[in-house]
Structures are given as C-alpha cells and as structure tokens.
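Overview (structure and organization)
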Amino acid sequence: MVAEVEAELLVPGLPPYVHGPVRLNLTSSRDQASLRKTLEERCPQAAENLPLPIDWTYILASFCKQGLQWHREGRPAVTITGSADAKPPEWFLDPFIIKRNPVLLFGDGGTAKSSVAQAVAMSCALPWGDNPMRWKAPTRSIQTLYCDWESNEEVMDYRMLKLRMGHGFPELPFLHHVTCAMPLASEIEHIARKIIHFKAEIIIIDSATGACGGDINKPETASPFFAAIRSLDVASLIIHHVSKENQKTKLQTPVGSYQFWTTPRLIWCSRKISEEKHGDVSTLVVSLKDIKHNDLPPHRPFGLRFEFSPTIIRVSYESTADSPELGEDEPLHIRITRSLRHGPRSSQDLVEELRASKTTIQSRLTELHKRNQIVNVKGAWALATDQDEND
C-alpha cells in the first residue's frame, strides 16, 4: 500500500520544518529507511534543540503499522440492537439538510437551484431561525463547503452580497467556496482537507454533472461519485438537472443512472411556476416537491418567491394555496377538499378544474367519502364539515 506522507517538525524557537508530500510504500523497509535518512540529514538543527534525539525509525514504523491497520480494518462495525435511545435521522436544516446523508435538488435550468443552495448555507451558518422561507434552522452555526463545478468564487460572492443585502445581514462567513474542475473522486483528498480545515459539516455539490466527470447515464460514472460523497461522512446537498427527454415528457426524475434515484435519502424537484419582469426587478416563483424520501415523513410541496434586482436578492415562502399552478403539486385529495371549500362540485367539475382523469378523481372521492370528509348531495360533492386543508 502506497501513501502520500508529509512530515512537519515544530520546535520552539525554530521555524517549522516540513518535508513532503512524498510517496511512501508502507510495507517497504527500503522506503522507510530512505525517508528516515532524509529526515535525519535535514533536521540536525532541530535535533540539537531537543532534550532527547528523534527516533525516526520508531516514528516511521509506527506510522506505517497504524496506516496499514486502519486500511485493512476499515470503519468499525456497529452492533444494531434497536436501542430505546435510537433516534430518527437528524435534521440540520429541514427540509434540505440531513446529518451525514445526501439530499438531491434537481430541476430545469433557471429555477434558482444555486440561489436556494446559498440560502441554505446562509440559514445554517447564522443560524437563521426566523427566515422568510419557513425552514427549520439549526440551533447552532453549521459550516458549509460549496464545491463548485459550474461557477467561481467571484460570482458566488456577488450573489451572496445581494442575498445578505436583500435580507439585511452584515458581511459574515456564510460559506466556504472551492472551484473544482476534475471529477469529485479525483478532488476528494483536497476537499476532505478543506472540510477538516473549515470544520464543515455540510457540502454542496454544484452540480452532479460536473462532479461525475463522465457519462452520468452509466453506473460506472455515478458509483465513484456517490462513493466519494459517502467517504466524506458529512451532510450533502447535490444540485442536479433534468434531461431534454424528461423536459418533453414532464417526468419528475433526475437525469442519469439509477443511482441518482436510489442513493439520495431525499429528492426535491424544482419547477418554474412564473417569471415576471418590471423594470430592473424580476420575480421568479418556483415549486419544490418532495418526490422521494427514505425513513422520513413526506413533505408538503411548497413554493419559493425570488425577487432579483441589480443590488438585492430576496427569497420568501410561497403557499400552494396562493397559486393554482403551485397547487398542482399538492396531493389530489387536498386539492379536492380545497376546491370544495368554494362550494359543491360534481365529479365532472372536479375533473375539468383539477385536470385529473375521471377514474383518479372518483377514486379519491371514494376515499374521502369513506373517511366521512365529504358527502354527496343531489349528485354533487360537498364538505361534510369544515375540513382543514392541511389534512
């Protein structure tokens, strides 16, 4: 096994001495002896200032032994007992960041996915408990490393300036940014070091296409990408896209290999609802829909309203009740009860209004009727009582 080694010697009163990085075969006595000789020759001044000589032979032998042991044993196995102390997955930021788990946010271009990601990082760093997006922020500051394959630090800093000005915050270290060019699996060592340096507990991957570095439809491309994310052992938010085929058929699935569906614990689909421009100010409303969740209760769809101007970006929550198009992402039984709040409707009225098939409408009406939520009055359906539209 070959390792990349860097030796650093710190002695009071002397400048630090650093050797490496160099490649070291952990099972080669010759490699160890060569490195020992180099260190002894280059550190005589340091050795003279220490009360005891530096035993480089012992240090290198111990290092190689521990490195081999760690590699061979891997991560420790944990016995699962179903303990009463077991807890559900921990949210860093509900609904986007789950501790030590990957979350995927995908959608068409122009749905402000990167702005959402920066707002997520801002909410975790502050932390921003009373945010206008109605996200459940952490109770402590959590650092984020933004791994960027699509933009650069200048664009990100300017967007963050507009976000903080739009919401009235001073200049703060909201996130840590690294511009990437190689596939994530190739950049993993320096990214891991940056995570340690910044004490980051979250990484944002923008985007998966660049981070995979190949044909994302092939498992042999997607597998190293997700393996690299898993090796970091932090929470991740992965920005992804839809294919042209999905845009044509309106399929709500991420583009690429099946791993983009099976591996994330939670998948959000972003969809543009409306976009308007008045002078220098433009407004974008996007719908966010939870289309897959593991070991988590489903989230209700919701909207985000973005206000863009030359100097600010504002983000706020948009209720599905305020927009018929946003409401289309709600479960059908909720859309039916919401419609019936405005008065009785026939089955055909609901088919035309909600743009669902007659069979599907009838099935949901039957379910609601069995739950005593609606009644049929002279061929029209009506609410049995005042129903909570969140039911």
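The coordinates are above.
Residues numbered from 1 in each chain as written. Predicted model: local features only at pLDDT ≥ 70, side-chain atom pairs only at ≥ 80, totals over all residues. Heavy atoms only, no water.

**A look at the overall build of the chain**
Cut-off, in case you're wondering: Labels follow the DSSP assignment, with helices taken as runs of H or I lasting at least four residues and strands as runs of E lasting at least two, numbered in each case from the N terminus. C-alpha atoms define the radius of gyration, and 2.2 Å times the number of residues to the power 0.38 defines the globule rule. Only protein chains enter the area calculation, which uses a 1.4 Å probe; residues under 20% of their type maximum are buried, those over 50% are exposed, and those in between are partly exposed. Contacts are assigned to residue pairs that have any heavy atoms within 4.5 Å of one another.
A count of helices and strands for the chain gives 14 helices and 15 strands. For 391 residues, the compact-globule estimate of 2.2 N^0.38 gives 21 Å, and the C-alpha radius of gyration of the chain, at 27 Å, exceeds that figure by more than 25%. With respect to the three principal axes, the spread of C-alpha positions in the chain is 100 × 55 × 40 Å. Burial status across the chain gives 44% buried among its 391 residues. Sequence separation of at least 24 residues holds for 62% of the intrachain contacts in the chain that already meet a minimum separation of 6.

**Notes on the layout of surface pockets**
It is the rolling of a water-molecule-sized probe over the atoms that shows where space remains empty. Counted only if it meets this: Computed over the protein atoms alone on a 1 Å grid, cavities are sets of points where a 1.4 Å probe fits but cannot get out and pockets are open sets with protein on both sides within 12 Å along at least five of seven lines; a residue lines them when it has an atom within 4 Å of a point. Grid points are joined across faces, edges and corners, and a volume is the space filled by probe spheres set on the points. Any residue that is not Ala, Val, Leu, Ile, Met, Phe, Trp, Tyr, Cys, Pro, Asp, Glu, Lys or Arg is counted as polar, Gly included; the first ten are nonpolar and the last four charged.
Put simply, the largest pocket is a space of about 600 Å³. Every residue lining the largest pocket is counted, 16 residues in all, and those nearest its centre are Ala-3, Glu-4, Trp-70, Glu-189 and Arg-193. Here the lining of the largest pocket is composed, by residue class, of 9 nonpolar, 2 polar and 5 charged.

**A word on the packing of helix H6 (residues 184–198) against helix H8 (residues 219–232)**
This is how the line gets drawn: Where helices are involved, their axes are fitted lines through C-alpha atoms of the stretch in contact, as for all axes, and angles between N-to-C directions lie from 0 to 180°. In what follows, roughly perpendicular refers to angles from 65 to 115 degrees, roughly parallel to angles under 35, roughly antiparallel to angles over 145, and oblique to any angle outside these ranges. Left-handed describes a crossing whose near helix is turned anticlockwise from the far helix through less than a right angle; right-handed describes the clockwise counterpart.
Interhelical geometry of H6 versus H8 gives an angle of 15 degrees and a closest axis separation of 10 Å. Considering their axes alone, H6 and H8 lie roughly parallel with respect to each other. Considering how the two elements wind past one another, H6 and H8 form a crossing that is right-handed. For the pair H6 and H8, the contacting residues are Leu-184, Ala-185, Ile-188, Ile-191, Ala-192 and Ile-195 in the first and Pro-224, Phe-225, Ala-228, Ile-229, Ser-231 and Leu-232 in the second. By residue class, the composition of the contact of H6 with H8 is 11 nonpolar, 1 polar and no charged.

**What to know about the pairing of strand S7 (residues 176–179)**
Heads up, the condition is: Here the rule is simple: two strands pair whenever DSSP picks up at least two bridges between them.
The alternating pattern of S7 places His-176 and Val-178 on a buried face, while none of His-177 and Thr-179, on the opposite face, is buried. Pairing of strand S6 (residues 143–148) with S7 involves 4 bridges; the strand directions are parallel. Residue pairing in the sheet places Asp-148 in a bridge with Thr-179 of S7.

**Side note on the environment of Pro-95**
With respect to the helices and strands, the residue Pro-95 is situated in the loop between strand S3 (91–93) and strand S4 (97–98). The exposure class assigned to Pro-95 is buried, which follows from its relative accessible area of 6%. Residues Pro-95 and Val-285, spaced 190 residues apart in sequence, show a C-alpha to C-alpha distance of 18 Å.

**Quick notes on the nonpolar core**
Across soluble globular proteins, nonpolar side chains have a tendency to be buried as a group. How we decide: Buried Ala, Val, Leu, Ile, Met, Phe, Trp, Tyr and Cys residues form a nonpolar core when they are joined through side-chain atoms within 4.5 Å.
Ranked by size, the top nonpolar core spans 42 residues in total, and within it Phe-96, Ile-97, Trp-135, Leu-237 and Leu-304 carry the most contacts. Of all the elements, helix H4 (residues 113–125) adds the most residues to this core, at 7 residues. Residue contacts for Leu-237: discarding those within four places in its chain leaves Phe-96, Ile-97, Val-103, Leu-105, Ala-117, Val-120, Ile-203, Ile-204 and Ile-205. Counting 32 residues, the second-largest nonpolar core is a separate cluster that includes Cys-147, Ala-200, Ala-228 and Cys-269.

**What about the sheet that holds strand S11 (residues 281–293)?**
Taken together, the 9 strands give an open sheet; going across it, the order is S7-S6-S8-S9-S5-S10-S11-S12-S13, and neighbouring strands pair in mixed fashion. Only two strands of the sheet have a single partner each, and these edge strands are S7 and strand S13 (313–318). Strand-to-strand twist across the sheet, computed as the mean angle between neighbouring axes with direction ignored, equals 20 degrees. In this sheet, strand S9 (residues 235–241) lies alongside strand S5 (residues 102–107) in parallel orientation, the contact comprising 6 bridges. Within S9, the position partnered with Gly-107 by the bridge is His-241. Here H8 sits on the sheet and contacts strand S8 (200–206) and S9; the angle it forms with S9, its principal contact strand, is near 155 degrees.

**Points about a negative patch on the surface**
Test applied: Nonpolar side chains (Val, Leu, Ile, Met, Phe, Trp, Tyr) are joined into patches within 5 Å and like charges within 9 Å, using only residues with over 30% relative accessible area and no salt bridge. In short, Shrake-Rupley with a 1.4 Å probe defines the accessible areas, and a residue's cover is counted only from the protein chains shown. For this analysis, a salt bridge means a side-chain nitrogen from Lys or Arg found within 4 Å of a carboxyl oxygen belonging to Asp or Glu. Here the positive residues are Lys and Arg and the negative ones are Asp and Glu; neither His nor the chain ends is included. For the purpose of locating charges, the reference atoms are NZ of Lys, CZ of Arg, CG of Asp and CD of Glu.
On the surface, a cluster of negative charge is made up of Glu-4, Glu-6, Glu-8 and Glu-189. Ranked by residues supplied to the negative patch, first place goes to strand S1 (residues 2–9) with 3 residues. Mapped onto the elements of the fold, Glu-189 is located in helix H6.

**Some details on helix H12 (residues 332–340)**
Counting buried positions along H12 gives 8 out of 9 residues, so the element sits mostly inside the fold. Of the residues making up H12, those classed as buried are Leu-332, Ile-334, Arg-335, Ile-336, Thr-337, Arg-338, Ser-339 and Leu-340.

**Some details on the packing of aromatic side chains**
The geometry of an aromatic ring pair is captured by two quantities: the separation of the ring centres and the angle between the planes. The condition is simple: Pairing of aromatic rings covers Phe, Tyr and Trp, the last counted by its six-membered ring, and requires centre-to-centre distances within 6.5 Å; plane angles under 30 degrees mean stacked, over 60 mean edge-to-face, and any other angle means tilted.
Taken as a whole and judged by the stated rule, the model has 10 aromatic pairs. Aromatic pair Trp-268 and Phe-302: ring centres 5.4 Å apart, planes at 75 degrees, arrangement edge-to-face. In this pair, Trp-268 sits in strand S10 (residues 266–278) while Phe-302 sits in strand S12 (residues 302–308), placing the two residues 34 residues apart along the sequence. The buried category is assigned to Trp-268, whose relative accessible area is 0%. Members of the aromatic cluster, each reached through a chain of ring pairs, are Phe-96, Trp-135, Trp-268, Phe-302 and Tyr-317.

**Observations regarding the pattern of salt bridges**
According to the stated counting rule, one finds 9 salt bridges in the structure shown. Here Glu-318 ties to Arg-305 by a salt bridge, and the two come within 2.9 Å at their closest N and O atoms. Residue Glu-318 is located in strand S13, and its partner Arg-305 is located in strand S12; the two are separated by 13 residues in the primary sequence. For Glu-318, a relative accessible area of 11% translates into the label buried. Classification of Arg-305 as partly exposed rests on a relative accessible area of 33%. Of the charged contacts, one joins Glu-367 and Arg-364 as a salt bridge, the two residues approaching to 3.7 Å between their closest N and O atoms. Pair noted here: Glu-367 and Arg-364 are both in helix H14 (residues 358–370), with a separation of 3 residues, about one helical turn. In this structure Glu-367 comes out as partly exposed when scored by relative accessible area, which is 35%.

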